[in-house]
Amino acid sequence: MKSLILKEPGKWEIKETTVEGDLQEDEVLLKVHRIGICGTDMHAFRGKQPFFSYPRILGHELGLEVIEIGSKVSQVKVGDKCALEPYFNFKEDQAVKLGKTNCGEFISVFGVHQDGGMREFIKVPARYLHTSTKLTYDQLALIEPLGIGFHAVSRASIQPEDKVLVIGAGPIGLATMQFATIRNAKVVALDINEDRLQFCLQNLDLVGTVNATSDTVKEQLRELFDGDLPTVVMDATGNEYSMKNTLDYVAFGGRIVFIGLYQGDFTFFDPLFHRKEITLLASRNALGADFEEIISLMEAGKVATDHWISHRVPFGELPMRFESLLQPESKVIKAIVEL
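Overview of the structure. Note that the structure is predicted; figures quoted are calculated from it, not measured.

### Digging into the overall build of the protein
Okay, step 1: If you tally the helices and strands in the protein, you get ten helices and 17 strands.
Okay, step 2: Rg of the C-alpha trace for the protein: 20 Å, near the compact-globule value of 20 Å for 339 residues, within the 12% margin.
Okay, step 3: In the protein, buried positions account for 53% of the 339 residues.
Okay, step 4: Across the protein, the fraction of contacts at a sequence separation of at least 24, relative to all contacts at a separation of at least 6, is 68%.

### What about helix H3 (residues 137-155)?
Okay, step 1: For H3, spanning 19 residues, the distance from its first C-alpha to its last is 28 Å, which sits close to the expected 27 Å at 1.5 Å a residue.
Okay, step 2: At glutamate 144, H3 shows its maximal bend, which comes to roughly 35°, and the proline proline 145 appears one to four places after that position.
Okay, step 3: Burial within H3 is extensive, with 17 of its 19 residues counted as buried.
Okay, step 4: Immediately beyond the C-terminal end of H3, within one or two residues, lies serine 157, with a positive phi of roughly 50°.

### Comments concerning the packing of H3 against helix H4 (residues 171-182)
Okay, step 1: Interhelical geometry of H3 versus H4 gives an angle of 50° and a closest axis separation of 7 Å. It follows that H3 is oblique to H4 by the angle criterion. Judged by the sense of rotation from one axis to the other, the crossing of H3 with H4 is right-handed. Residues Pro145, Leu146, Ile148, Gly149, Phe150 and Val153 of H3 lie in contact with H4, whose contacting residues are Ile172, Ala175, Thr176, Gln178, Phe179 and Ala180.
Okay, step 2: Among the residues making up the contact of H3 with H4, the classes are represented as nine nonpolar, three polar and no charged.

### Quick look at the nonpolar core
Okay, step 1: Among the nonpolar cores identified, the biggest contains 89 residues, and Met118, Met177 and Met234 are the most heavily contacted of them.
Okay, step 2: If one sorts the elements of this core by residue count, H3 sits on top with ten residues.
Okay, step 3: Ignoring anything within four residues of it in the chain, the contact list for methionine 118 reads Ser3, Leu4, Trp12, Ile35, Ile37, Asp41, Ile57, Leu58, Gly59, Phe315 and Leu318.
Okay, step 4: Judged by nonpolar contacts, the second largest core, of 17 residues, contains Ile167, Phe225, Met243 and Leu247.

### Re helix H9 (residues 288-299)
Okay, step 1: With twelve residues, H9 extends 17 Å between its outermost C-alpha atoms, agreeing within 8% with the 16 Å of an ideal straight helix rising 1.5 Å per residue.
Okay, step 2: Each element contacted by the buried residues of H9 is listed here: strand E5 (81-84), strand E6 (87-88), strand E9 (129-131), H3 and H4.

### Notes on the pairing of strand E4 (residues 61-69)
The side chains of a regular strand alternate, residue by residue, between the two faces of the sheet.
Okay, step 1: Pairing of strand E3 (residues 27-36) with E4 involves eight bridges; the strand directions are antiparallel. Residue pairing in the sheet places glycine 36 in a bridge with glutamate 61 of E4.
Okay, step 2: Inspection of the sheet shows E4 paired to E5 by three bridges, in the antiparallel sense. Across the sheet, the residue bridging to glycine 63 is alanine 83, located in E5.

### Topic: the sheet that holds strand E12 (residues 208-211)
Okay, step 1: Taken in spatial order, the six strands make up an open sheet running E12-E11-E10-E13-E14-E15, and their pairing is parallel. Both outer strands of the open sheet, E12 and strand E15 (279-282), are each paired with one neighbouring strand and no more. When strand polarity is set aside, the average angle formed by the axes of neighbouring strands in this sheet is 20°.
Okay, step 2: When strand E10 (residues 163-167) meets strand E13 (residues 232-235), the two strands line up parallel, connected through four bridges. If you follow valine 164 over to E13, its bridge partner there is valine 232.
Okay, step 3: Against the sheet, helix H6 (residues 217-224) touches E10, strand E11 (186-191) and E12, its axis set at about 175° to E12.
Okay, step 4: Strand contacts of helix H7 (residues 240-249): E10, E11, E13 and strand E14 (255-258), with the helix running at about 175° to E13, the strand carrying the most contacts.

Rules and cut-offs
Counting restarts for each chain: residues are numbered from 1 in the order of the written sequence. Only residues with pLDDT of at least 70 are given local features in this predicted model, and only at 80 or more are side-chain atom pairs given and counted; all residues enter the totals for whole chains, interfaces and linings. As a convention, hydrogens and water are excluded, and side-chain values are obtained from all of the structure's heavy atoms. Segments assigned H or I by DSSP are reported as helices when at least four residues long, segments assigned E as strands when at least two residues long, and all are numbered from the N terminus. Based on C-alpha atoms, the radius of gyration is set beside the globule rule, defined as 2.2 Å times the residue count to the power 0.38. We call a residue buried when its accessible area falls under 20% of the maximum for its residue type, exposed when it is over 50%, and partly exposed in between, using a 1.4 Å probe and counting protein chains only. Throughout, a contact is declared for two residues whenever any of their heavy atoms are within 4.5 Å. In this scheme, a helix's expected span is set at 1.5 Å multiplied by one less than its residue total. Think of it this way: the bend at a residue is just the angle between two axes, each fitted to seven residues, one set ending at that residue and the other starting at it. Note on method: axes are straight lines fitted to C-alpha atoms, helices fitted across the in-contact stretch only, with angles between N-to-C directions ranging 0 to 180 degrees. Angles below 35 degrees are treated as roughly parallel, those above 145 as roughly antiparallel, those between 65 and 115 as roughly perpendicular, and all remaining angles as oblique. The hand of a helix crossing depends on one turn: near helix anticlockwise from the far one by less than a right angle means left-handed, and clockwise means right-handed. Residues were grouped as follows: Ala, Val, Leu, Ile, Met, Phe, Trp, Tyr, Cys and Pro as nonpolar; Asp, Glu, Lys and Arg as charged; and all remaining residues, including Gly, as polar. Put simply, buried Ala, Val, Leu, Ile, Met, Phe, Trp, Tyr and Cys residues joined by side-chain atoms within 4.5 Å make one nonpolar core. For two strands to be treated as a pair, DSSP must find no fewer than two bridges joining them.

Quick look at the structure:
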């Protein structure tokens, strides 16, 4: 089979490889049909992904077909279409025992900490697969990034009475907005990219948008939220300055959720934090139950996905085209690799 390997930052190699080892009793052999390109892949290409080593086969947003099953696999069958929950826990540590499989101490993320899905076939434990009889391979490849937003919204315990500010209108921010609106909260998007903000208005049920470069962000938030500040602020940027601003934007008694990862020490003005009695939460990955709920919502037509995929790339052309996907002028929302 052909595998696409990131040899080092900025350098791809297409190589003939084989699926290593025999199929174990709890494993499934899968054909890869779609691969979503995510921020982790882009950071790895640029050499800026933490806890990462080279060479590496990337790819963890996958639309898959079951080809063969191990002798003790019963939850999937040959021919099933699947999404992959790529957060592997091979050790039942304290977090995993508590059901927090998204943030196990020894977690290994497929396509990040171990070789992933940028190849024609993969072999994984069956327990990490989520099937659908209705969704397309395109839609199945979107489940994982949608899961990041879904889990963040769950972490925030968003209710219909909440007024939610989502900072960052990339794919994770868009997913967060989508699931916050499904919970009937009032949602505003904040970003520096006016094209992204217009995309949000056209495709999501938002109260409005605010450009982060404005000198009147708080005033505009109050106007959109009927004189109030947001009860929940969710930052999907991973930008230190954006994250610091969340304490200023959030209402007294409000909640902040950091979805994006900032690679450094984060500090804030403690008197403001205490004065507002802010609840600060981190959100990482997603749970298996999140995947199942998203699939149900998508099958019921409650989660629109048609607007997500902005670029399609044949597998063999990805090395030549990948760098162009990083450029702002490409206006990428989500790029999908087709096999």
